Amino acid sequence: MKSPLSARRTELLAAAAATVTVLLWASAFVSIRSAGEAYSPGALALGRLLAGALVLGVICLIRREGLPARAAWPGIVVSGLLWFGLYMVVLNWGEQKVDAGTAALVVNVGPLVMALLAGWLLKEGLPPRLLAGMAVSFAGAAVVGVSMSGEGSASVLGVLLCLLAAVAYAGGVVAQKPALRHGSALQVTTYGCVIGAVACLPFAGQLVSDAGDAPLSATLNMLYLGVFPTALAFTTWAFALARTTAGRMGATTYAVPALVVLMSWVALDEVPGWITLVGGLVCLAGVAVSRSRPRAAATATAAAVTPVAAAPDASPEPQPEQA
(Lines give C-alpha, C1' and ligand atoms only; values in the text may rest on other atoms or scores of the structure.)
Protein backbone atom coordinates (compact mmCIF):
# COMPACT_ATOMS: atom_id res chain seq x y z
CA MET A 1 0.00 0.00 0.00
CA LYS A 2 1.35 3.43 -0.97
CA SER A 3 2.18 6.01 1.66
CA PRO A 4 0.19 9.30 1.58
CA LEU A 5 3.24 11.18 0.26
CA SER A 6 3.79 8.63 -2.50
CA ALA A 7 0.12 8.71 -3.44
CA ARG A 8 0.16 12.50 -3.57
CA ARG A 9 3.29 12.47 -5.76
CA THR A 10 1.62 10.01 -8.15
CA GLU A 11 -1.47 12.21 -8.31
CA LEU A 12 0.63 15.29 -9.15
CA LEU A 13 2.56 13.44 -11.87
CA ALA A 14 -0.71 12.24 -13.40
CA ALA A 15 -2.11 15.77 -13.33
CA ALA A 16 1.05 17.14 -15.00
CA ALA A 17 0.86 14.47 -17.72
CA ALA A 18 -2.83 15.21 -18.29
CA THR A 19 -2.02 18.92 -18.61
CA VAL A 20 0.59 18.23 -21.32
CA THR A 21 -1.94 16.08 -23.16
CA VAL A 22 -4.69 18.69 -23.06
CA LEU A 23 -2.37 21.48 -24.25
CA LEU A 24 -1.08 19.45 -27.19
CA TRP A 25 -4.53 18.16 -28.16
CA ALA A 26 -5.81 21.74 -28.15
CA SER A 27 -2.97 22.79 -30.47
CA ALA A 28 -3.94 19.95 -32.81
CA PHE A 29 -7.15 21.75 -33.79
CA VAL A 30 -5.13 24.67 -35.15
CA SER A 31 -2.82 22.34 -37.11
CA ILE A 32 -5.70 20.22 -38.44
CA ARG A 33 -7.36 23.36 -39.78
CA SER A 34 -4.21 24.18 -41.76
CA ALA A 35 -3.29 20.67 -42.94
CA GLY A 36 -6.91 19.76 -43.72
CA GLU A 37 -7.01 22.28 -46.55
CA ALA A 38 -4.49 20.21 -48.53
CA TYR A 39 -4.97 16.65 -47.23
CA SER A 40 -8.10 14.49 -47.38
CA PRO A 41 -9.38 13.09 -44.04
CA GLY A 42 -7.97 9.58 -44.52
CA ALA A 43 -4.63 10.78 -45.89
CA LEU A 44 -4.19 13.23 -43.02
CA ALA A 45 -4.97 10.52 -40.46
CA LEU A 46 -2.52 8.06 -42.09
CA GLY A 47 0.28 10.61 -42.38
CA ARG A 48 -0.18 11.65 -38.77
CA LEU A 49 -0.18 8.04 -37.55
CA LEU A 50 2.86 7.05 -39.61
CA ALA A 51 4.84 9.99 -38.21
CA GLY A 52 3.73 9.15 -34.68
CA ALA A 53 4.49 5.44 -35.04
CA LEU A 54 7.98 6.20 -36.38
CA VAL A 55 8.83 8.46 -33.45
CA LEU A 56 7.39 6.06 -30.89
CA GLY A 57 9.18 3.10 -32.49
CA VAL A 58 12.54 4.86 -32.24
CA ILE A 59 11.91 5.69 -28.59
CA CYS A 60 10.97 2.06 -27.89
CA LEU A 61 14.23 0.89 -29.49
CA ILE A 62 16.29 3.37 -27.48
CA ARG A 63 14.57 2.36 -24.24
CA ARG A 64 14.67 -1.32 -25.25
CA GLU A 65 10.96 -1.74 -24.66
CA GLY A 66 9.84 -5.16 -25.82
CA LEU A 67 6.38 -6.37 -26.71
CA PRO A 68 3.67 -5.87 -24.09
CA ALA A 69 2.25 -8.88 -22.29
CA ARG A 70 -0.34 -10.97 -24.09
CA ALA A 71 -3.08 -9.77 -21.73
CA ALA A 72 -2.56 -6.17 -22.92
CA TRP A 73 -3.19 -6.92 -26.61
CA PRO A 74 -7.02 -7.01 -26.64
CA GLY A 75 -7.18 -3.48 -25.25
CA ILE A 76 -4.37 -2.29 -27.52
CA VAL A 77 -6.07 -3.66 -30.64
CA VAL A 78 -9.48 -2.21 -29.78
CA SER A 79 -8.10 1.22 -28.83
CA GLY A 80 -5.88 1.21 -31.93
CA LEU A 81 -8.81 0.54 -34.25
CA LEU A 82 -11.32 2.81 -32.50
CA TRP A 83 -9.26 5.72 -31.24
CA PHE A 84 -6.14 5.89 -33.40
CA GLY A 85 -7.89 4.75 -36.57
CA LEU A 86 -11.63 5.39 -36.78
CA TYR A 87 -11.70 8.48 -34.55
CA MET A 88 -9.04 10.38 -36.49
CA VAL A 89 -10.55 9.66 -39.91
CA VAL A 90 -14.18 10.46 -39.08
CA LEU A 91 -13.26 13.56 -37.07
CA ASN A 92 -11.22 14.95 -40.00
CA TRP A 93 -14.15 14.17 -42.30
CA GLY A 94 -16.78 15.57 -39.96
CA GLU A 95 -14.98 18.89 -39.57
CA GLN A 96 -15.21 19.35 -43.34
CA LYS A 97 -19.01 19.11 -43.10
CA VAL A 98 -19.84 21.20 -40.04
CA ASP A 99 -18.61 24.45 -38.54
CA ALA A 100 -16.04 24.40 -35.78
CA GLY A 101 -18.52 25.25 -33.03
CA THR A 102 -20.89 22.41 -33.89
CA ALA A 103 -18.01 19.94 -34.16
CA ALA A 104 -16.63 20.97 -30.76
CA LEU A 105 -20.06 20.62 -29.16
CA VAL A 106 -20.84 17.18 -30.64
CA VAL A 107 -17.38 15.70 -29.96
CA ASN A 108 -17.65 16.80 -26.33
CA VAL A 109 -20.29 14.11 -25.89
CA GLY A 110 -17.25 11.77 -25.75
CA PRO A 111 -16.28 12.34 -22.09
CA LEU A 112 -19.88 11.74 -21.01
CA VAL A 113 -19.99 8.45 -22.92
CA MET A 114 -16.57 7.58 -21.51
CA ALA A 115 -17.67 8.13 -17.91
CA LEU A 116 -20.79 6.01 -18.41
CA LEU A 117 -18.86 3.19 -20.09
CA ALA A 118 -16.11 3.29 -17.44
CA GLY A 119 -18.65 3.23 -14.64
CA TRP A 120 -20.40 0.24 -16.22
CA LEU A 121 -17.60 -1.84 -17.76
CA LEU A 122 -14.66 -0.88 -15.52
CA LYS A 123 -16.72 -0.56 -12.31
CA GLU A 124 -15.31 2.92 -11.64
CA GLY A 125 -18.62 4.26 -10.40
CA LEU A 126 -19.99 7.73 -11.01
CA PRO A 127 -18.87 10.03 -8.14
CA PRO A 128 -21.16 13.06 -7.62
CA ARG A 129 -18.28 15.54 -8.06
CA LEU A 130 -17.34 13.95 -11.39
CA LEU A 131 -20.93 14.15 -12.66
CA ALA A 132 -21.32 17.73 -11.43
CA GLY A 133 -18.04 18.82 -13.00
CA MET A 134 -18.87 17.17 -16.31
CA ALA A 135 -22.30 18.84 -16.36
CA VAL A 136 -20.71 22.25 -15.78
CA SER A 137 -18.04 21.64 -18.42
CA PHE A 138 -20.54 20.37 -20.98
CA ALA A 139 -22.60 23.53 -20.45
CA GLY A 140 -19.46 25.59 -21.05
CA ALA A 141 -18.62 23.59 -24.18
CA ALA A 142 -22.16 24.19 -25.45
CA VAL A 143 -21.71 27.94 -24.96
CA VAL A 144 -18.37 27.85 -26.81
CA GLY A 145 -19.88 25.77 -29.61
CA VAL A 146 -22.91 28.02 -30.11
CA SER A 147 -20.86 31.22 -29.92
CA MET A 148 -18.29 29.96 -32.46
CA SER A 149 -20.82 28.55 -34.92
CA GLY A 150 -21.57 31.94 -36.46
CA GLU A 151 -23.57 31.56 -39.64
CA GLY A 152 -22.12 28.18 -40.55
CA SER A 153 -24.51 25.40 -41.47
CA ALA A 154 -24.24 21.90 -40.07
CA SER A 155 -25.06 18.95 -42.29
CA VAL A 156 -26.73 15.87 -40.87
CA LEU A 157 -23.82 13.78 -42.15
CA GLY A 158 -21.28 16.04 -40.43
CA VAL A 159 -23.08 15.86 -37.09
CA LEU A 160 -23.33 12.07 -37.33
CA LEU A 161 -19.62 11.81 -38.17
CA CYS A 162 -18.66 13.94 -35.16
CA LEU A 163 -20.95 11.86 -32.95
CA LEU A 164 -19.33 8.68 -34.27
CA ALA A 165 -15.92 10.21 -33.51
CA ALA A 166 -17.01 10.92 -29.93
CA VAL A 167 -18.22 7.35 -29.41
CA ALA A 168 -15.04 5.89 -30.97
CA TYR A 169 -12.90 8.10 -28.73
CA ALA A 170 -14.79 7.04 -25.60
CA GLY A 171 -14.69 3.36 -26.51
CA GLY A 172 -10.98 3.52 -27.29
CA VAL A 173 -10.14 5.05 -23.91
CA VAL A 174 -12.22 2.52 -21.98
CA ALA A 175 -10.54 -0.33 -23.90
CA GLN A 176 -7.08 1.15 -23.27
CA LYS A 177 -7.48 1.39 -19.48
CA PRO A 178 -7.25 -2.41 -18.79
CA ALA A 179 -4.33 -2.75 -21.21
CA LEU A 180 -2.28 -0.38 -19.06
CA ARG A 181 -2.33 -2.95 -16.24
CA HIS A 182 -0.21 -5.27 -18.39
CA GLY A 183 1.89 -2.88 -20.49
CA SER A 184 3.67 0.44 -20.06
CA ALA A 185 2.20 3.71 -21.34
CA LEU A 186 4.84 3.76 -24.09
CA GLN A 187 4.09 0.20 -25.20
CA VAL A 188 0.32 0.66 -25.25
CA THR A 189 0.59 3.95 -27.15
CA THR A 190 3.17 2.70 -29.65
CA TYR A 191 1.35 -0.44 -30.70
CA GLY A 192 -2.04 1.27 -30.64
CA CYS A 193 -0.62 3.87 -33.03
CA VAL A 194 0.84 1.14 -35.28
CA ILE A 195 -2.50 -0.68 -35.40
CA GLY A 196 -4.28 2.56 -36.27
CA ALA A 197 -1.77 3.23 -39.05
CA VAL A 198 -2.24 -0.28 -40.48
CA ALA A 199 -6.02 0.22 -40.43
CA CYS A 200 -5.57 3.45 -42.41
CA LEU A 201 -3.28 1.95 -45.09
CA PRO A 202 -6.13 1.94 -47.67
CA PHE A 203 -5.62 5.74 -47.75
CA ALA A 204 -1.95 5.39 -48.76
CA GLY A 205 -2.66 6.29 -52.40
CA GLN A 206 -4.45 9.47 -51.34
CA LEU A 207 -1.60 10.37 -49.00
CA VAL A 208 0.98 10.08 -51.79
CA SER A 209 -1.21 12.09 -54.16
CA ASP A 210 -2.02 14.82 -51.63
CA ALA A 211 1.61 15.09 -50.48
CA GLY A 212 2.70 15.83 -54.06
CA ASP A 213 0.38 18.86 -54.28
CA ALA A 214 0.32 20.05 -50.66
CA PRO A 215 2.25 23.18 -49.62
CA LEU A 216 5.13 22.72 -47.21
CA SER A 217 3.21 24.34 -44.35
CA ALA A 218 0.43 21.73 -44.59
CA THR A 219 2.92 18.85 -44.59
CA LEU A 220 4.78 20.33 -41.63
CA ASN A 221 1.50 20.62 -39.75
CA MET A 222 0.75 16.96 -40.50
CA LEU A 223 4.18 15.96 -39.15
CA TYR A 224 3.63 18.13 -36.08
CA LEU A 225 0.34 16.31 -35.47
CA GLY A 226 2.15 12.98 -35.59
CA VAL A 227 5.06 13.90 -33.33
CA PHE A 228 3.44 16.02 -30.63
CA PRO A 229 -0.38 15.62 -30.34
CA THR A 230 -0.04 11.91 -31.23
CA ALA A 231 3.31 10.43 -30.13
CA LEU A 232 3.88 12.64 -27.09
CA ALA A 233 0.33 13.53 -26.02
CA PHE A 234 -1.09 10.02 -26.35
CA THR A 235 1.81 8.69 -24.25
CA THR A 236 1.32 11.26 -21.49
CA TRP A 237 -2.41 10.48 -21.65
CA ALA A 238 -1.75 6.76 -21.16
CA PHE A 239 0.65 7.56 -18.29
CA ALA A 240 -2.04 9.61 -16.54
CA LEU A 241 -4.84 7.16 -17.36
CA ALA A 242 -2.89 4.34 -15.70
CA ARG A 243 -2.88 6.38 -12.48
CA THR A 244 -6.46 7.63 -12.33
CA THR A 245 -9.93 6.75 -13.58
CA ALA A 246 -11.13 7.00 -17.17
CA GLY A 247 -14.01 9.20 -16.03
CA ARG A 248 -11.74 11.81 -14.45
CA MET A 249 -9.41 11.79 -17.46
CA GLY A 250 -12.35 12.29 -19.78
CA ALA A 251 -13.54 15.24 -17.73
CA THR A 252 -10.06 16.80 -18.01
CA THR A 253 -10.40 17.03 -21.80
CA TYR A 254 -13.23 19.53 -21.37
CA ALA A 255 -10.44 22.11 -21.00
CA VAL A 256 -9.60 21.62 -24.70
CA PRO A 257 -12.33 23.92 -26.14
CA ALA A 258 -11.25 26.77 -23.86
CA LEU A 259 -7.61 26.33 -24.86
CA VAL A 260 -8.50 26.12 -28.56
CA VAL A 261 -10.18 29.51 -28.27
CA LEU A 262 -7.05 31.03 -26.73
CA MET A 263 -4.68 29.38 -29.23
CA SER A 264 -6.80 30.47 -32.20
CA TRP A 265 -6.73 33.98 -30.76
CA VAL A 266 -2.91 33.98 -30.61
CA ALA A 267 -1.99 31.88 -33.68
CA LEU A 268 -4.81 32.72 -36.12
CA ASP A 269 -5.75 36.19 -34.85
CA GLU A 270 -9.32 35.04 -34.36
CA VAL A 271 -10.56 37.30 -31.58
CA PRO A 272 -13.19 35.49 -29.49
CA GLY A 273 -16.34 37.21 -28.29
CA TRP A 274 -17.05 37.67 -24.62
CA ILE A 275 -19.64 34.87 -24.66
CA THR A 276 -16.97 32.48 -25.98
CA LEU A 277 -14.58 33.53 -23.22
CA VAL A 278 -17.25 33.00 -20.58
CA GLY A 279 -17.95 29.52 -21.99
CA GLY A 280 -14.24 28.71 -21.86
CA LEU A 281 -14.02 29.76 -18.22
CA VAL A 282 -17.05 27.60 -17.41
CA CYS A 283 -15.31 24.62 -19.08
CA LEU A 284 -12.23 25.12 -16.91
CA ALA A 285 -14.35 25.51 -13.77
CA GLY A 286 -16.08 22.21 -14.49
CA VAL A 287 -12.71 20.47 -14.90
CA ALA A 288 -11.60 21.85 -11.53
CA VAL A 289 -14.77 20.53 -9.88
CA SER A 290 -14.46 17.07 -11.48
CA ARG A 291 -10.83 16.66 -10.37
CA SER A 292 -11.32 18.02 -6.85
CA ARG A 293 -11.47 15.77 -3.82
CA PRO A 294 -14.07 15.89 -1.04
CA ARG A 295 -12.95 17.97 1.93
CA ALA A 296 -13.11 14.97 4.24
CA ALA A 297 -10.71 13.01 2.05
CA ALA A 298 -8.29 15.91 1.82
CA THR A 299 -8.37 16.40 5.59
CA ALA A 300 -7.72 12.70 6.16
CA THR A 301 -4.72 12.79 3.82
CA ALA A 302 -3.29 15.86 5.56
CA ALA A 303 -3.73 14.24 8.96
CA ALA A 304 -1.97 11.11 7.77
CA VAL A 305 1.00 13.10 6.49
CA THR A 306 1.35 15.38 9.56
CA PRO A 307 3.32 13.74 12.41
CA VAL A 308 1.77 13.94 15.87
CA ALA A 309 4.04 14.29 18.89
CA ALA A 310 3.16 12.23 21.95
CA ALA A 311 4.55 12.14 25.49
CA PRO A 312 7.17 9.38 25.96
CA ASP A 313 5.23 7.70 28.78
CA ALA A 314 1.79 8.20 27.33
CA SER A 315 -0.15 5.05 26.89
CA PRO A 316 -2.84 4.75 24.24
CA GLU A 317 -6.37 5.16 25.41
CA PRO A 318 -8.58 2.12 25.01
CA GLN A 319 -10.70 2.25 21.88
CA PRO A 320 -14.22 0.87 21.67
CA GLU A 321 -14.57 -2.29 19.66
CA GLN A 322 -15.95 -1.89 16.17
CA ALA A 323 -19.11 -3.78 15.43
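On a predicted model such as this, the values are computed, not experimentally measured, just so you know.

Asker: Just give me the short version of the environment of Ala170, but keep the residues and values in it.
Answerer: Looking at the secondary structure, you find Ala170 in helix H7 (residues 156–179). In the structure, Ala170 is positioned 53 residues away from Leu117 in sequence and 7.9 Å away in space, judged by C-alpha atoms.

Asker: Please give an account of the environment of Gly52 that cites residues and values.
Answerer: With respect to the helices and strands, Gly52 occurs in helix H2 (residues 41–63). Overall, the relative accessible area of 0% leaves Gly52 in the buried class. Along the sequence, Gly52 and Phe228 sit 176 residues apart, while their C-alpha atoms lie 8.0 Å from each other. Apart from residues no more than four positions distant in its own chain, Gly52 is found in contact with Cys193, Gly226 and Ala231.

Asker: Can you tell me about the nonpolar core, naming the residues and giving the values?
Answerer: In this structure, Tyr39, Trp83, Tyr87 and Trp237 are the most contacted members of the largest nonpolar core, which totals 59 residues. A total of ten residues in this core trace back to one element, the largest contributor, which is helix H10 (residues 216–241).

Asker: Describe the pattern of salt bridges, and please don't skip the residues or the numbers.
Answerer: Tallied over the full model, the rule gives one salt bridge. The partner of Glu65 in a salt bridge is Arg63, with the nearest N and O atoms 3.6 Å apart.

Asker: Got a sec to walk through the packing of helix H1 (residues 4–35) against H10? Specific residues and values, please.
Answerer: Here H1 crosses H10 at 160°, and the two axes come no closer than 8 Å. Considering the angle they form, H1 stands roughly antiparallel to H10. Relative to H10, H1 is oriented so that their crossing is left-handed. Of the residues belonging to the contact of H1 with H10, the class tally is 22 nonpolar, six polar and no charged.

Asker: How would you sum up the confidence of the model for the protein chain? Please name residues and give values.
Answerer: With 65% of its residues at a pLDDT of 70 or more, the protein chain shows a mean pLDDT of 78. The low-confidence segment residues 297–323, where pLDDT is below 50, has five contacts with residues more than four positions distant or belonging to other chains.

Asker: Can you lay out the packing of aromatic side chains for me, pointing to particular residues and giving the numbers?
Answerer: Per the stated rule, a full pass over the model turns up eleven aromatic pairs. Taking 5.5 Å as the distance between ring centres and 70° as the angle between the ring planes, the aromatic pair formed by Trp83 and Trp237 counts as edge-to-face. Placement of the pair is Trp83 in helix H3 (residues 73–94) and Trp237 in helix H10, with a sequence separation of 154 residues. The buried category is assigned to Trp237, whose relative accessible area is 1%. One aromatic cluster is present, built from ring pairs that chain together Trp25, Trp83, Phe84, Tyr87, Tyr169, Phe234 and Trp237. Its guanidinium or amino end placed over the ring of Phe239, Arg243 lies 3.7 Å from that ring's centre, counting from NZ or CZ.

Asker: Before we move on, can you summarise unusual backbone geometry with the specific residues and values?
Answerer: The phi dihedral of Arg64 falls on the positive side, at around 55°, and the residue is not glycine. Judged by its relative accessible area of 78%, Arg64 falls in the exposed class.

Asker: Which residues make up H3, and what values go with them?
Answerer: Along its 22 residues, H3 runs 29 Å from first to last C-alpha, staying within 8% of the 32 Å computed at 1.5 Å per residue. Bending of H3 peaks at approximately 35° at the position of Leu86.

Conventions and cut-offs
- Residues numbered from 1 in each chain as written.
- Predicted model: local features only at pLDDT ≥ 70, side-chain atom pairs only at ≥ 80, totals over all residues.
- Heavy atoms only, no water.
- Helix = DSSP H or I, 4+ residues; strand = E, 2+ residues; numbered from the N terminus.
- Buried < 20%, exposed > 50% of the residue type's maximum accessible area, 1.4 Å probe, protein only.
- Contact = heavy atoms within 4.5 Å.
- Core = buried A, V, L, I, M, F, W, Y, C linked by side-chain atoms within 4.5 Å.
- Salt bridge = Lys/Arg side-chain N within 4 Å of Asp/Glu carboxyl O.
- Axes fitted to C-alpha atoms, helices over the stretch in contact; angles between N-to-C directions.
- Parallel < 35°, antiparallel > 145°, perpendicular 65-115°, else oblique.
- Left-handed = near helix turned anticlockwise from the far one by under 90°.
- Nonpolar A, V, L, I, M, F, W, Y, C, P; charged D, E, K, R; others polar.
- pLDDT = per-residue confidence, 0-100.
- Phe/Tyr/Trp six-rings, centres within 6.5 Å; stacked < 30°, edge-to-face > 60°.
- Lys NZ or Arg CZ within 6 Å of the ring centre and 35° of its normal.
- Expected span 1.5 Å × (residues − 1).
- Bend = angle between axes of the 7 residues up to and from the residue.

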